[in-house]
Amino acid sequence: MSEYRTLESKKMITVVKRIYTDKTFLVTLGLAIVALIFGQVSPKDIDSHTILALLSLLVIVTIYGQLHVLTYIANTIVAKCRTTRDIIGVMLLFSFIGSMFFTNDVAILTLVPIFFKISKQINIGKIVPISLLTIYANLGSALTPFGNPQNLYLVSYYHLSLPHFMTLSLPIGVIGFLSLGIVTLFFPAQPIPAMTTTAQPIDRQKVRWLLLATVLVLLGILSILPIWIAVGVSLLAAALLDRQVLVKVDYGILLMFINFFIIVGAISRLPAIHHLLSFTTDTTLKTFFAGVISSQVISNVPAAVLLSKFTTHVTGLYLGVTVGGLGTLIASLANLLALRQYQLFDHERSSYRFFKTFTWLNVVYLVIFMVIGSLICLWLT
């Protein structure tokens with residue numbers, strides 16, 4: 001019994017240590033404390049449905065990671081590639097599609113390590129492909145209500161049905177997919193030897209149960225089932241399929257969301273901010289540009305939470321924070337994660353070159369998709 005308690009204590013310490021070494025969480029925590037002391041905050045500022053939906057999704061996605069499902073699929077596909085263009089195309093496609101179902105963060109965490117392993121076997125650059133992996137993870141995640149945290153929040157806050165959400169996401173998603181095919185053609189099709197990848201065995205029986213649990217969780221996220229059922233199913237799946245999941249879940253994201261709600265609640269009650277944001281979000285197009293610009297400064301998740309308090313133009317807001325994920329390094333939490341992954345695996349420590357190329361490519365995509373987003377706003381309204 002004492003050994004069990006010691007083990008559980010160590011697990012708890014690991015979870016707490018991971019949270020309190022997350023610099024992004026610490027920054028938002030500090031701002032939330034300031035908001036609580038000096039601002040006006042209400043318990044209603046915290047959207048409980050979004051928090052519970054995010055918790056259930058994080059648990060399910062972590063189970064997929066623990067069972068090596070994504071790595072297995074990616075390695076299987078990559079092993080069939082015969083040219084450098086095939087490698088790039090498959091990786092970008094997997095990033096785009098994978099982020100739709102497993103979130104943009106998980107796509108980056110899965111694919112960047114795989115790409116670094118590939119780069120050791122063949123002569124292929126790393127900075128441009130990894131930058132594009134991140135761009136297409138952001139664009140792909142925009143297609144589904146559960147692809148990224150801001151989509152989860154917008155679906156919950158505006159009570160969007162799946163058909164309604166898809167009318168917003170399909171136009172920009174299709175264009176993003178087509179651009180992926182075009183950009184792949186710019187890479188040379190140099191022949192490569194047969195790829196060797198690390199085998200990742202999976203338990204097919206567990207995966208079947210996980211798929212069933214995933215369906216129930218998604219029904220809860222979409223409010224077809226009560227959200228408490230989604231949370232219960234995810235926790236039960238973790239207990240039965242892999243108990244290590246509850247230690248591996250990134251609870252820092254949940255706490256950051258709570259911090260965002262507190263910060264935004266206080267900011268939105270400031271008279272000057274209230275007046276400014278009310279003015280800049282009173283039409284769909286103005287809301288779109290407000291979403292894009294604010295995302296560059298405060299990231300697209302808090303931008304979505306903040307602007308939602310002032311506008312009913314969900315089309316402009318959704319497109320604004322989607323396109324706003326492109327651009328600066330802080331425009332999306334996924335961008336920061338990509339930099340962190342690159343620094344972890346790049347032993348040459350060329351972080352500045354990565355930052356320069358990453359930013360340049362993102363700004364190009366930002367400008368292009370700002371034009372596209374503006375046209376979609378005008379078309380949908």
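Residues numbered from 1 in each chain as written. Predicted model: local features only at pLDDT ≥ 70, side-chain atom pairs only at ≥ 80, totals over all residues. Heavy atoms only, no water.

> Describe the packing of aromatic side chains, naming the residues involved and giving the relevant values.
Centre-to-centre distance and the angle between the planes together describe a pair of aromatic rings. One pass over the full model with this rule turns up 14 aromatic pairs. Consider the rings of F288 and F289, whose centres lie 5.2 Å apart with planes at 70 degrees: the pair is edge-to-face. Through a chain of ring-to-ring contacts, three or more aromatic side chains come together here, namely Y153, Y157, Y158, F257, F260 and F261. Across the ring face of F279, the terminal group of K286 is positioned such that the distance to the ring centre comes to 3.9 Å. (Phe/Tyr/Trp six-rings, centres within 6.5 Å; stacked < 30°, edge-to-face > 60°. Lys NZ or Arg CZ within 6 Å of the ring centre and 35° of its normal.)

> Just give me the short version of empty space enclosed by the protein, but keep the residues and values in it.
Tallying each qualifying case throughout the model produces two cavities of 30 Å³ or more. As a volume, the largest cavity reaches approximately 70 Å³. Along its surface, the largest cavity is lined by N104, D105, N148, P149, Q150, I253, N300, V301, S332, L333 and A334. Sorting the residues of the lining of the largest cavity by element identifies α6 (104-121), α8 (149-157), α16 (300-308) and α18 (333-345) as the ones contributing at least two each. Looking at the lining of the largest cavity residue by residue, the class counts come to five nonpolar, five polar and one charged. In this structure, the second largest cavity spans a volume of roughly 40 Å³. Lining the second largest cavity are N104, N138, S141, A142, N148, Q150, N300, T322 and G325. (1 Å grid on protein atoms, 1.4 Å probe; cavity = no way out; pocket = protein on both sides within 12 Å on 5 of 7 lines; lining within 4 Å. Points joined across faces, edges and corners; volume = space filled by probe spheres on them. Helix = DSSP H or I, 4+ residues; strand = E, 2+ residues; numbered from the N terminus. Nonpolar A, V, L, I, M, F, W, Y, C, P; charged D, E, K, R; others polar.)

> Help me get a handle on the layout of surface pockets, residues and values and all.
Its volume calculated, the largest pocket comes out at about 1,400 Å³. In terms of lining residues, the largest pocket is bounded by 48 residues, among which D105, L109, D250, L337 and Q341 are the most central. Counting residues per element, the ones that place at least two in the lining of the largest pocket are α1 (2-20), α3 (48-66), α4 (69-78), α6, α13 (251-268) and α18. It is α6 that provides the largest number of residues to the lining of the largest pocket, a total of nine residues. Among the residues making up the lining of the largest pocket, the classes are represented as 22 nonpolar, 19 polar and seven charged.

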